[in-house]
Amino acid sequence: MMAPPLKLGIAGLGTVGAELVRLLRANRDQLGGRCGRLIHIAGVCARDRGRGRGVDLSGYAWFDDPVTLATERKVDVFVELIGGEEGAARASVEAALGAGTHVVTANKALLATHGAALAAMAEQSGVALNYEAAVAAAIPVVKVLREGLAGNRMTRVSGILNGTCNYILTVMEREQREFDDVLAEAQALGYAEADPEFDIGGHDTAHKLAILTSLAFATRPALGDVYIEGITKVTLHDIRAVDQLGYRIKLLGVAQDTGNGIEQRVHPTLVSKSSPIADVGGAFNAIVIEADAAGSLMLEGQGAGAAPTVSAVISDIVDIACGGKRAVFGTQASDLATYQRARMRAHEGGYYIGLKAHDRPGAVAGIAKAMADQSISLESIIQRADPDEAGDVAPDGESRSMPVALVTHETNEAAIRTALETIRADGHIAEPPHMIRIEQI
Ligand code: HSE
């Protein structure tokens, strides 16, 4: 005989909420078989009852207030799809956890900002707080880190965590188009968040990275400590230059144990064209996890969109229906350590430097000397990196500037910043240099 059904309260009926209702209905029997019990919707909640959602909600109890739904006795699992780190989302999740009700959420901002406190509440109440959809939607990376790799010590987690940015960079390269032009297209296709700055400024990636860092390194989420650079300064010229040097540019979020603190950084990154992550194109996401026993593994899939998000939400519901309950960040909340930040100036790695050097004797030699003075060794240097760019002539006709692209061997960020400051002060360049970090993945 089947166990009693698991009863859900669903708050937030946007595209994701409506798709969840549709899929729970469409896959009812299959899910029943997987859980050994049926999954029922006990109540739904949204701000505007009259709005058309393309799904019949007439059979479900309607709630205007998510907190009331979250504390409704008949609800076993409160599914929060409202979004935002404060307001109704936070209030209703806290109410559910306080009432001893399991929570499933897709809310990255809530977890990245208040994750430690919510984890403590969930564990104190003895309920699950599941959030697979909050990071990279359909890719089950939370489960991989929390369960599949529970026996490992992680050394680095890095990934393409924002579909909008990956789409823009991919199209810029494939179609040789400039940033602004492709951003407008990504917005028209509905990939970008309502405020595209959240995507292209790297903030969406930072939220997801803060959650991954906690899962990988057993630290309390520290969103405010993520170093963030977005993709707005990446030019078609950079993309062409690095292509000649054997690289592709991706916006990566990287969390790395340096042995002297943990780096959390989001920035445009050169990855070798021969690495698997370089081939992850369009709006796809991918995450590479490096662990002591498991070695390196890469997960790739759809990181945005209603159906991929719902895929993750349902997997969280199924876990609860099957009786599964894990420490929220894979480690008991009381055992999560305070995040120890590794300083960016101490970051070690290779660098690409794009410059516009004055085309006059000694300019390139001066640039090379500034690098050598910081013990920075150059792996490659190309002048006139872009065949379409023969260099610019100043209005007075006297000084031309010429594109120069450098790739360094491994060095550290303090040395690079000092060398670039010297190059700028020496007057060898016509524009501020453009530095992009290289990641060996
Ligand atoms: N705007 C996000 C992206 C999707 O482009 O990946 C949700 O996190």
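First things first, this report covers the structure right here in the doc.

What counts and what doesn't
Residues numbered from 1 in each chain as written. Predicted model: local features only at pLDDT ≥ 70, side-chain atom pairs only at ≥ 80, totals over all residues. Heavy atoms only, no water. Helix = DSSP H or I, 4+ residues; strand = E, 2+ residues; numbered from the N terminus. Expected span 1.5 Å × (residues − 1). Buried < 20%, exposed > 50% of the residue type's maximum accessible area, 1.4 Å probe, protein only. Contact = heavy atoms within 4.5 Å. Pairing = 2+ DSSP bridges. Axes fitted to C-alpha atoms, helices over the stretch in contact; angles between N-to-C directions. Core = buried A, V, L, I, M, F, W, Y, C linked by side-chain atoms within 4.5 Å. Salt bridge = Lys/Arg side-chain N within 4 Å of Asp/Glu carboxyl O. Phe/Tyr/Trp six-rings, centres within 6.5 Å; stacked < 30°, edge-to-face > 60°. Polar contact = N/O pair within 3.5 Å; in protein donor to acceptor, adjacent residues only side chain to side chain.

1. Digging into helix α4 (residues 87-98)
Turning to step 1, where the next piece is worked out: For α4, built from 12 residues, the straight-helix expectation of 16 Å at 1.5 Å per residue is met to within 8% by its first-to-last C-alpha distance of 16 Å.
Turning to step 2, where the next piece is worked out: Looking only at α4, the buried set comprises Ala89, Ser92, Val93, Ala95, Ala96 and Leu97.
Turning to step 3, where the next piece is worked out: Lining the buried residues of α4 we find α3 (66-70), β4 (77-80), β5 (102-105), α5 (108-125) and β6 (129-130).
Turning to step 4, where the next piece is worked out: Gly100 sits one or two positions beyond α4 and adopts a positive phi of about 80°.

2. Remarks on the sheet that holds β5
Turning to step 1, where the next piece is worked out: Spatial ordering of the open sheet is given by β3-β2-β1-β4-β5-β6, a layout of 6 strands whose pairing is parallel. Every interior strand has two partners, whereas the edge strands, β3 (61-63) and β6, have only one.
Turning to step 2, where the next piece is worked out: Contacts from α4 reach β4, β5 and β6, with the element oriented near 165° to β4.
Turning to step 3, where the next piece is worked out: Its contacts with the sheet put helix α12 (residues 306-321) on β1 (6-11), β2 (39-45), β4, β5 and β6, and the angle it makes with β5 is roughly 165°.

3. Quick word on the nonpolar core
Turning to step 1, where the next piece is worked out: If you look at the biggest cluster of nonpolar residues, it comprises 81 residues, and the most contacted ones within it are Leu145 and Ile289.
Turning to step 2, where the next piece is worked out: Of the residues forming this core, the biggest block, 8 residues, is contributed by helix α10 (residues 203-217).
Turning to step 3, where the next piece is worked out: Not counting residues within four places of it along the chain, the set of residues in contact with Ile289 comprises Val141, Val144, Leu145, Leu149, Met154, Arg156, Val157, Gly295, Ser296, Leu297 and Leu299.
Turning to step 4, where the next piece is worked out: Counting residues in each nonpolar core, the second largest holds 33 residues, with Leu31, Ala46, Val55 and Leu81 among its members.

4. Remarks on the pattern of salt bridges
Turning to step 1, where the next piece is worked out: Applying the stated criterion across every chain yields a total of 27 salt bridges.
Turning to step 2, where the next piece is worked out: A salt bridge links Asp316 to Lys143; its shortest N-O distance comes to 3.0 Å. Here Lys143 lies in helix α6 (residues 141-148) and Asp316 lies in helix α12, a separation of 173 residues in the sequence. Residue Asp316 shares its accessibility class with Lys143, and that shared class is buried.
Turning to step 3, where the next piece is worked out: Across the pair Arg177 and Glu185 runs a salt bridge, and its minimum N-O distance is 2.9 Å.
Turning to step 4, where the next piece is worked out: Members of the salt-bridge network, linked through shared partners, are Arg156, Glu263, Arg265, Glu290 and Glu439.

5. As for the packing of aromatic side chains
Turning to step 1, where the next piece is worked out: According to the stated counting rule, one finds 1 aromatic pair in the structure shown.
Turning to step 2, where the next piece is worked out: A ring pair is formed by Tyr131 and Phe329, whose centres lie 5.7 Å apart and whose planes are at 45°; its orientation type is tilted. With a gap of 198 residues between them, Tyr131 in the loop between β6 and α6 and Phe329 in the loop between α12 and β13 (348-349) connect regions that are remote in the sequence.
Turning to step 3, where the next piece is worked out: According to the relative accessible area criterion, Tyr131 is buried, its value standing at 0%.

6. Digging into the side chain of Arg248
Turning to step 1, where the next piece is worked out: If you trace the backbone, Arg248 turns up in strand β9 (residues 247-257).
Turning to step 2, where the next piece is worked out: Classification of Arg248 as buried rests on a relative accessible area of 18%.
Turning to step 3, where the next piece is worked out: Within the structure, Arg248 has its side chain in polar contact with the side chain of Glu173 (distance 3.0 Å).
Turning to step 4, where the next piece is worked out: At 3.3 Å, the side chain of Arg248 forms a polar contact with the side chain of Asp279.
Turning to step 5, where the next piece is worked out: Those residues in contact with Arg248, other than ones at most four positions away along the chain, are Glu173, Val242, Thr269, Leu270, Val271, Lys273, Ala278 and Asp279.

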